[in-house]
Amino acid sequence: MKKQIVLATIATLATGSAYATKARMNALGQAQDRGSFYINDTRNVFRNAARINQTNNYAVTEWGDTAATNTNAEGGFFKNQGSFSYGVYLGSDVTDQDFGTVSNGYADGLAGTTTGDTYGNANFLDRGNDLDLFFGGDMGVEWGARLHYANAKSEPGAPGATEQKNSTLELGLGMVMGDLNAYVNYTLKDEAEYDGTNAGSVIENDGTMNLGVGYKWMDYTFFVDYDKKGLEYVASTGTAAQTTEQSVLTVGAGYTKEISSTARLFTDVSFVRTSAEDSSATVNDNVEYDKSELPLTVGFEADATSWLTLRGSISQNIFINSFTSKAAGGTVENKGTLANSTDVQAGATLNFGKLMIDGMIGTNGTGGTAYAGDRGVLDTDRLLTRVAVHYWF
């Protein structure tokens, strides 16, 4: 069981809506990376770039992670100018594959095993200096675009010295037309090179994309999302390529209900199908993994006073909660149910006019059930701390 206690101080808009980006998403049981499928929040611009037209004129900074050595600093600003909106965001780690520490493929991570070859190299240069540029407008149909760019390199002048490079280019497009919204996020390039001990070592993106559509009907929002990640790794010049890929299909519905002028209820249920495969030159190292889940999430948000908002959620897989893993070229097959999937989270907001200072501390993971997260690495229970400053202008 994963428990998360969130302590936040946040400001609200003049309309009374609270936005706490990653902290609020976590407290309501939503994904912190790209935001929610149906709950309004500033984080949603990373899922659908057209959302920039609905949440702008603010600046935000965030920092904190699982260790003091990895502050994961990020932040930026979003501004409206006439019928257009634009924004600049620095340090986003959405879709970061973290090539320097990936030790196994997606299927290895999902299965919680260490079989298979290493799909990474500790000598790869970490991705850094990430930059996201947003631009959107409203011409009857709201539209938006996001361009993500990152580049890092180390080229020592000494003869025979190690050279390292890492470059990324991603494009996100989105639209909102009344109750209908659609989006696509596609990685055009994401690769790292290392020319040291293993000359010609390369790991690169192999078709990573995220696309989806949603439709709002009364208090309900129906959504379909498809997320695919792929990597190809070459240990050194002349060696066979090793590939790893993961796809996640999510089909579900979210429900938002204004219980009163000061309280809101959020509920969603979705079918989630995850498939992953790692392939190498040695058939016995090949790993396959499939997971089927039906998570139900119930969250609430209530204005206890004019200066305090409380929120929390609980989620758990119901009815559908199984996995199948295959190793050694399919000769070894394991089946079963996933470990306890109950997830309880809580949060709070203190309002200081247009300024919000958000803080979070708790555990973040899967209750012992391994899975491949956005960075494609094994993710288990861990301590998480985070602080954010949010200002509306």
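Asker: Tell me about the overall build of the protein, residues and numbers included.
Answerer: Across its full length, the protein holds two helices and 19 strands. Here the protein displays about 17,000 Å² of accessible surface, and carbon together with sulfur accounts for 59% of that area.

Asker: Talk me through the nonpolar core; I want residue IDs and the actual numbers.
Answerer: Counting residues in hydrophobic clusters, the biggest one holds 14 residues, and the most contacted among them are A107, F124, I203, A276 and Y289. Listed by contribution, the elements that provide at least two residues to this core are α2 (106-111), β8 (180-194), β11 (220-234) and β14 (287-303). With three residues, the single largest contributor to this core is α2.

Asker: Run through the pairing of β11, naming residues and quoting values.
Answerer: Examined bridge by bridge, strand β9 (residues 201-205) and β11 share four bridges and lie antiparallel to one another. If you follow V202 over to β11, its bridge partner there is V234. Two strands pair when backbone bridges link them, and strand β10 (residues 209-217) and β11 are joined in this way by nine bridges, in the antiparallel orientation. When the bridges of β11 are listed, G214 appears paired with F223. Joining the antiparallel neighbours β10 and β11 is a turn of two residues, in which M218 adopts a positive phi near 55°. Bridge analysis of β11 against strand β12 (residues 242-260) gives 14 bridges, and the strand direction is antiparallel. Each residue of the ladder has a partner; that of F222, found in β12, is A253.

Asker: Help me get a handle on the confidence of the model for the protein, residues and values and all.
Answerer: Overall, the predicted model of the protein reaches an average pLDDT of 79, with 76% of residues at or above 70. Overall, residues 1-18 carries pLDDT values under 50, and its contacts beyond four positions in sequence, including any with other chains, amount to 78 contacts. In the model, residues 364-382 has pLDDT below 50 throughout and makes 64 contacts with residues more than four positions away in sequence or in other chains.

The rules behind these values
The residue numbers shown here count from 1 along each chain, following its written sequence. Residues qualify for local features only when their pLDDT is at least 70, as the model is predicted, and side-chain atom pairs are given and counted only at 80 or more; totals for whole chains, interfaces and linings, by contrast, use all residues. Just so you know, side-chain values use all the structure's heavy atoms and leave hydrogens and water out. Helix and strand definitions follow DSSP, with helices as H or I runs of at least four residues and strands as E runs of at least two, each counted in order from the N terminus. Each accessible area is a Shrake-Rupley estimate made with a 1.4 Å probe; only the visible protein chains count as cover when residues are assessed. Here, nonpolar core refers to any group of buried Ala, Val, Leu, Ile, Met, Phe, Trp, Tyr and Cys residues whose side-chain atoms link them within 4.5 Å. The buried label goes to any residue with under 20% of its type's maximum accessible area, the exposed label to any with over 50%, and the partly exposed label to all in between, with areas taken from a 1.4 Å probe on protein chains only. Being paired, for any two strands, means DSSP has found at least two bridges between them. Confidence of the prediction at every residue is given by pLDDT, a number between 0 and 100. Here, residues are in contact when the closest pair of their heavy atoms is within 4.5 Å.

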